Amino acid sequence: MPIDAPSNSYQQVRYRAIVDQASGGIAFSNLDGRFVLVNERWCHMLGYTVAEMLQLSICDLAVPEELADAHRNLSTLVRDRASVEIDKRYRRKDGTAVWLSVSISTVCDEAGNPEAIMALAIDITERKAAAALNAFLTDLAERRSPASRMEVVMRTTARSLSDPPRWRRPRCPWPCL
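Just so it is clear, the model here is predicted, and its values are computed rather than measured.

Quick notes on the rules
Residues numbered from 1 in each chain as written. Predicted model: local features only at pLDDT ≥ 70, side-chain atom pairs only at ≥ 80, totals over all residues. Heavy atoms only, no water. Pairing = 2+ DSSP bridges. Helix = DSSP H or I, 4+ residues; strand = E, 2+ residues; numbered from the N terminus. Expected span 1.5 Å × (residues − 1). Buried < 20%, exposed > 50% of the residue type's maximum accessible area, 1.4 Å probe, protein only. Arc of directions from axis to C-beta. Contact = heavy atoms within 4.5 Å. pLDDT = per-residue confidence, 0-100. Polar contact = N/O pair within 3.5 Å; in protein donor to acceptor, adjacent residues only side chain to side chain. Patch = residues over 30% accessible without salt bridge, like charges linked within 9 Å, V, L, I, M, F, W, Y side chains within 5 Å. Areas by Shrake-Rupley, 256 points an atom, 1.4 Å probe, with all protein chains shown as cover. Salt bridge = Lys/Arg side-chain N within 4 Å of Asp/Glu carboxyl O. Axes fitted to C-alpha atoms, helices over the stretch in contact; angles between N-to-C directions. Phe/Tyr/Trp six-rings, centres within 6.5 Å; stacked < 30°, edge-to-face > 60°. Lys NZ or Arg CZ within 6 Å of the ring centre and 35° of its normal.

K.L.:
Can you help me understand the pairing of strand β4 (residues 97-108) in this one?
P.N.:
Put simply, side chains in a regular strand alternate between the two faces of the sheet. Across 9 bridges, the pairing between strand β3 (residues 83-91) and β4 is antiparallel. If you follow Glu85 over to β4, its bridge partner there is Ser103. The loop that links β3 with its antiparallel partner β4 comprises 5 residues; one of these, Gly95, has a positive phi angle of about 95°. Counting the residues that bridge the hairpin from β4 to strand β5 (residues 114-123) gives 5 residues, and of these Gly112 lies at a positive phi of roughly 90°.

K.L.:
Got a minute to help me understand the pairing of strand β2 (residues 35-38) in this structure?
P.N.:
Bridging between strand β1 (residues 25-29) and β2 involves 3 bridges; their strand directions are antiparallel. Bridging from a neighbouring strand, Phe28 pairs with Leu37 of β2. Remark: 5 residues form the turn of the hairpin made by β1 and β2, two consecutive strands paired antiparallel; Gly33 in that turn has positive phi of roughly 95°.

K.L.:
How do you make sense of helix α4 (residues 67-80) when you look at a structure like this?
P.N.:
The end-to-end C-alpha separation of α4 is 20 Å, in line with the 20 Å expected for 14 residues at 1.5 Å each. Among the residues making up α4, those that are buried are Ala70, Leu74, Leu77 and Val78. Projected down its long axis, α4 shows its buried positions confined to an angular sector of 90°, all on one face. Looking at α4, the residues exposed on the side facing more than 90 degrees away from the buried face are Ala68 and Arg79. In this structure, the buried side of α4 is in contact with β3, β4 and β5. Following α4 by one or two positions, Arg81 adopts a phi angle in the positive range, close to 50°.

K.L.:
Explain the confidence of the model for the chain here, please?
P.N.:
Caution applies to low-pLDDT regions: their predicted coordinates should not be interpreted in detail. Summarising the model, the chain shows a mean pLDDT of 80, and 76% of its residues fall at 70 or more. For the chain, the element scoring lowest by mean pLDDT is helix α5 (residues 125-162), at 71; helix α3 (residues 50-53) scores highest, at 96.

K.L.:
What is the right way to read the side chain of Lys88 from this model?
P.N.:
Structurally, Lys88 can be placed in strand β3. Of note is the side chain of Lys88, whose polar atom sits 3.2 Å from the side chain of Glu66.

K.L.:
What is the right way to look at the environment of Ala22 in this model?
P.N.:
By secondary structure assignment, the location of Ala22 is in the loop between α1 (9-21) and β1. Of the residues examined, Ala22 reaches a relative accessible area of 24% and is grouped as partly exposed. In this structure the C-alpha to C-alpha distance between Ala22 and Glu40, which are 18 residues apart in sequence, comes to 9.2 Å.

K.L.:
Explain a nonpolar patch on the surface to me, please; I cannot follow it from the model alone.
P.N.:
A surface patch of nonpolar side chains, about 400 Å² in accessible area, is lined by Leu133, Phe136, Leu137 and Leu140. Tracing the chain through its elements places Leu140 in helix α5. By relative accessible area, which is 43% here, Leu140 ends up partly exposed.

K.L.:
Explain the sheet that holds β4 here, please?
P.N.:
Whether parallel or antiparallel, the strands of a sheet pair through hydrogen bonds between backbone atoms. If you walk across this open sheet you meet the 5 strands as β2-β1-β5-β4-β3, and the pairing is antiparallel. The sheet terminates laterally at β2 and β3, the two strands that pair on one side only. Each strand of the sheet is rotated relative to its neighbour by a mean of 30°, with strand direction disregarded. Relative to the sheet, α1 contacts β1 and β2, its axis offset from that of β2 by approximately 90°. Packed on one face of the sheet, α4 meets β3, β4 and β5 and runs near 125° to β5.

K.L.:
What is the right way to read the packing of aromatic side chains from this model?
P.N.:
Here a ring pair, both rings aromatic, is described through the centre-centre distance and the interplanar angle of the planes. Enumeration over the complete set of coordinates arrives at 2 aromatic pairs. Look at Trp42 and Tyr90: their rings are 6.4 Å apart centre to centre, the planes differ by 65°, and that puts the pair in the edge-to-face class. Of the two residues, Trp42 is situated in helix α2 (residues 40-46) and Tyr90 in strand β3; the sequence distance between them amounts to 48 residues. Residue classification places Tyr90 among the buried residues on the basis of a relative accessible area of 2%. Sitting over the face of the ring of Tyr90, Lys88 holds its NZ or CZ atom 5.6 Å from the ring centroid.

Next comes the structure, spelled out in structure tokens:
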């Protein structure tokens, strides 16, 4: 079973090092979504200890408005033996939301039957916040731009009306007139 550590002690040490030293969060869950193995990075991103995380399921971490989708997506993932990459919000232990870029795969046994779900994740909360700020500032600039242009036109028009150009009488080519 892939979620178990290899039997040989050297392989166990290497396996544990890969999981523990990964720069992203790693989590394995059973087919019901209950966590069976998590690394420290996964726990840190979500604000839980390893022991606390092993008492939870992936649906426990869904933000409330996305809970129905989380149940449906879990079922679809297992049924289709699929893999997906998504940017998704999760609920941290303190109740705040964290954005994770997650690669989720169904882990199958030698016969091809689903036996676990594996997730690899990185925290993209700061990237999402920067993108939202950029979108807000761009929208603000686009809204302000026509007004700024109109303001320039109005100022120019007002200046022209209050200080009209001085017209000179053209010189007449006929001296007698």
